[in-house]
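# A closer look at the structure
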Amino acid sequence: MSTVAVNGLVAASAVDLWRVLTDLSRPRGGDRPVQLLTPGAFGPGTSWREIRTRPGGGTVAEEFVVLAAEPPRRLVLGSPGDGVDYRITWRLRDVHRRGRRHASVTVTVWAQPAATTGRALALLLGGLAVRAAEKVLRQDIAALAAAAGARHAEVA
């Protein structure tokens, strides 16, 4: 099991970021639209498929399901991967910086190898996978900020 977390500060409110984060009508992780797999309002049980760009090139289809939603503070997603199950938690919190409202954003990915091959791969590529995941999470925060019309995002 491994965990990767990335923090960011976005020049937008948590409510504005939540609206963008939960809007499945917009492309995510690339320029392709999301394929909604469940009908109804966004909330626990909502699932979708999206095509994401891999850090090293190429694309991958990923499915996500909402495990928990606490607007506009916390969103927990599950995603079964190829030999690894993922849990992604988005935390949004309004903060004031230099007299302006910003949102503190923390994205945490927890990965649990689901099969023997996944555990072996995690041992072999652990550090490389962590760096790749951090890069993707930074890009996701920057894309969220841009989609919300934020002037800037600082990602640590």
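Residues numbered from 1 in each chain as written. Predicted model: local features only at pLDDT ≥ 70, side-chain atom pairs only at ≥ 80, totals over all residues. Heavy atoms only, no water.

This paragraph deals with the pattern of salt bridges. The tally for this structure, following the rule as stated, stands at 4 salt bridges. Between Arg19 and Asp16 there is a salt bridge; the shortest N-O distance is 3.0 Å. With Arg19 and Asp16 both in helix H1 (residues 14–21), this residue pair falls 3 residues apart, about one helical turn. Of the residues examined, Asp16 reaches a relative accessible area of 31% and is grouped as partly exposed. Residue Glu70 pairs with Arg73 through a salt bridge whose shortest N-O separation is 3.1 Å. A residue is classified by how much of its surface remains accessible, and Glu70, at 27% relative accessible area, is partly exposed. Bridged by salt links that share partners, the residues Glu70, Arg73 and Arg74 form one connected network. (Salt bridge = Lys/Arg side-chain N within 4 Å of Asp/Glu carboxyl O. Helix = DSSP H or I, 4+ residues; strand = E, 2+ residues; numbered from the N terminus. Buried < 20%, exposed > 50% of the residue type's maximum accessible area, 1.4 Å probe, protein only.)

Within the largest apolar cluster, 28 residues are counted, with the highest numbers of intra-cluster contacts made by Val10, Leu17, Leu77, Trp90 and Val105. Of all elements in the fold, only strand S1 (2–10), H1, strand S4 (59–70), strand S5 (74–80), strand S6 (84–97), strand S7 (100–113) and helix H2 (116–147) reach the threshold of two or more residues within this core. At 5 residues, the largest contribution of residues to this core is made by H1. When neighbours within four sequence positions are excluded, Leu77 is seen to be in contact with Trp48, Phe64, Val65, Val66, Leu67, Tyr86, Arg87, Ile88 and Trp90. (Core = buried A, V, L, I, M, F, W, Y, C linked by side-chain atoms within 4.5 Å. Contact = heavy atoms within 4.5 Å.)

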